[in-house]
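Architecture and fold: a report
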Amino acid sequence: MEHISNRVKSLAQSATLAMSQKSAELKAQGISMINLSVGEPDFNTPLHIKDAAKRAIDENFSFYTPVPGYMSLRKAVSEKLRRENGIDFAPEQIVVGNGAKQALCNVILSAINPGDEVIIPVPAWVSYMEMVKLAEGHNVLIPASIENNFKITPAQLEAAITPATRMILLCSPSNPTGAVYSRDELQGLVDVLARHPQIIVLADEIYEHINFTGSFTSMASFPEIKDRTVIINGVSKAYAMTGWRIGYCAAPLWLAKAVTKLQGQYTSGASSIAQKAAEAAYTGPQDCVEEMRLAFLRRRNLVVELASQIPGWKVNVPDGAFYLFPEVSAYFGKKYGDRTIADAGDLAMFLLEEAHVATVSGDAFAMPGYIRLSYATSDDNIREAFARITRALALLK
Ligand code: PMP
Ligand code: GLU
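Everything quoted here is computed from the prediction, not taken from an experiment.

Observations concerning the nonpolar core
- By size, the foremost hydrophobic cluster in this structure holds 136 residues, and its most contacted members are L157, M219, Y239 and W313.
- Examining the composition of this core, we find that 9 residues originate from one element, helix α11 (residues 287–308), more than from any other.
- Filtering out sequence-adjacent residues up to four positions away, Y239 remains in contact with T45, P46, I49, A281, Y282, Q286, C288, V289 and M292.

Okay, here's the thing in structure tokens:
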């Protein structure tokens, strides 16, 4: 007899990973696929980081690691936060986990009780809402419009806050829109949050370095809310290390301790070798980060140029990350053969099967009417993908 818990039954499957899997399956059947679904840098991990991992193996970093991570890595992260972000978190306030994904889930499970409200501006990354569901919290979604470059306003935030609000989850630069809040825009939100001391501010800054605005402000740099702000970051995006699975939270000490207790019963400390590699990423030369940022900037410009030529798509210029989030509802109601496009999910499936380009429906990011394209792939792949998308969309009448 099959018996699945209500907790897992109520979870949605990760749409980003599911579309990527579908793309891989079609590719295995011999179809030439272009995968613009999953968001991961297409670069190899820089050499000096790989060398550090090889050294860690030779030097027998093969034993269980401390639950919150090696002290040397937590010190390197603490120094990074001071050096790059001007913020002060002691190594004891940092807990390293298996990717930013686990770091986020750790914090949500450690801070949210059943019934607590978590405010999430949407569109938002697929896993936030599901993590809140795991903690039996309530998602309170604030829609941000393409006209406002997918950013919420202080008035929207104020209106969403109730006595049950326990947390706000902000992501800038954003997945899936690439929106980057300026310091002034963040200050507007902080002014509201400062009036509500019960709210924990969970700031996902994983795309910090893939930013085309020329400036980045960490949420923890506002003294009004610093003592209840948690920063999430990691090496996946900035150092092209998605498979190494190292991310962290930097949190108030009481919350870092709770997260450590949870992680100690659940997964233990993260991989010894990957931690030594991450330490090299933070303490070693940083030119690789800028080289990759410049490649993403070039591709951003290319993608915006090509997407703007597609009839019916509404496109804004993303300021960071490596995603484009066009509005595509002009195609809803159109047909090709016996296939009708009712929504963005149908359009994403149509593009997968007819154009052999994998994208993700905006519904997975709580924003129907849009699709997400990841441009973390070569310029040639981007050009070919848009040629295919243009041809396929022309079939819809
Ligand atoms: N936050 C956001 C906004 C993401 O897009 C991702 C996806 N990689 C993560 C967190 C998780 O990253 P990691 O690979 O470090 O788990
Ligand atoms: N964060 C990436 C994405 O949004 C990786 C896949 C995932 O973990 O969701 O595509």
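Next comes the rest of the description.
Regarding the packing of helix α12 (residues 344–355) against helix α13 (residues 379–394)
- Remark: α12 packs on α13, axes separated minimally by 10 Å, with the N-to-C direction vectors making an angle of 110°. In terms of orientation, α12 and α13 fall into the roughly perpendicular class. In contact with L347, F350, L351, E354 and A355 of α12, α13 contributes R388, I389, A392 and L393.

Re the site of ligand 1
- Close to ligand 1 lie 14 residues; A100, N175, D204, Y207 and K237 are nearest.
- Separating an oxygen atom of ligand 1 from a side-chain N or O atom of N175 is a distance of 2.6 Å.
- One of the side-chain N or O atoms of D204 is found 2.6 Å from a nitrogen atom in ligand 1.
- Surface burial for ligand 1 is 93%, taken as the share of its 390 Å² of free accessible area covered by protein chains.
- Among the elements that take part in the shell around ligand 1, helix α5 (residues 99–111) stands out by supplying 4 residues, more than any other.

Considerations on the pairing of strand β7 (residues 229–234)
- Among the 6 residues of β7, 6 are classified as buried, and the element is accordingly described as predominantly covered.
- Neither face of β7 is open: one carries T229, I231 and N233, the other V230, I232 and G234, and all of them are buried.
- When strand β6 (residues 200–204) meets β7, the two strands line up parallel, connected through 4 bridges. Note that in β7 the partner of D204 across the bridge is I232.
- As paired strands, β7 and strand β8 (residues 247–250) are joined by 4 bridges and run antiparallel to one another. Within the sheet, the bridge partner assigned to N233 lies in β8 and is Y248.

Details of the packing of helix α3 (residues 47–58) against helix α10 (residues 272–283)
- Two elements in contact, α3 and α10, have axes whose closest approach is 8 Å; the angle formed by their N-to-C orientations is 140°. By the angle class used here, α3 and α10 are oblique. As α3 packs across α10, the resulting crossing turns out to be right-handed. On α10, the residues touching H48, I49, A52, A53, A56 and I57 of α3 are I273, K276, A277, A280 and A281.
- Partitioned by chemical class, the residues of the contact of α3 with α10 number 9 nonpolar, 1 polar and 1 charged.

A few points about the site of ligand 2
- Inspection of the region around ligand 2 gives T16, L17, V38, G39, K101, W125, N175, K237, Y323 and R372 as its neighbouring residues.
- For ligand 2, an oxygen atom lies 2.8 Å from a polar atom in the side chain of R372.
- For ligand 2, the accessible surface in isolation is 280 Å², of which the surrounding protein chains cover 88%.

Regarding the pairing of β8
- Of the two faces of β8, the one lined by G247 and C249 and the one lined by Y248 and A250 are each fully buried.
- Bridge count for strand β2 (residues 94–97) against β8 is 4 bridges, and the pairing is antiparallel. Looking at the pairing, V95 lines up with C249 of β8.

Here we look at the sheet that holds strand β4 (residues 138–143)
- Read from one edge to the other, the open sheet built from 7 strands follows the order β2-β8-β7-β6-β5-β3-β4, with strand pairing classed as mixed. One side of each edge strand has no neighbouring strand; the edge strands of this open sheet are β2 and β4. If you compare each strand with its neighbour and ignore which way they point, the axes differ by 20° on average.

Each value, and the rule that gives it
- Residues numbered from 1 in each chain as written.
- Chains lettered and ligands numbered in written order.
- Predicted model: local features only at pLDDT ≥ 70, side-chain atom pairs only at ≥ 80, totals over all residues.
- Heavy atoms only, no water.
- Core = buried A, V, L, I, M, F, W, Y, C linked by side-chain atoms within 4.5 Å.
- Buried < 20%, exposed > 50% of the residue type's maximum accessible area, 1.4 Å probe, protein only.
- Helix = DSSP H or I, 4+ residues; strand = E, 2+ residues; numbered from the N terminus.
- Contact = heavy atoms within 4.5 Å.
- Axes fitted to C-alpha atoms, helices over the stretch in contact; angles between N-to-C directions.
- Parallel < 35°, antiparallel > 145°, perpendicular 65-115°, else oblique.
- Near = heavy atom within 4 Å.
- Polar contact = N/O pair within 3.5 Å; in protein donor to acceptor, adjacent residues only side chain to side chain.
- Areas by Shrake-Rupley, 256 points an atom, 1.4 Å probe, with all protein chains shown as cover.
- Pairing = 2+ DSSP bridges.
- Left-handed = near helix turned anticlockwise from the far one by under 90°.
- Nonpolar A, V, L, I, M, F, W, Y, C, P; charged D, E, K, R; others polar.

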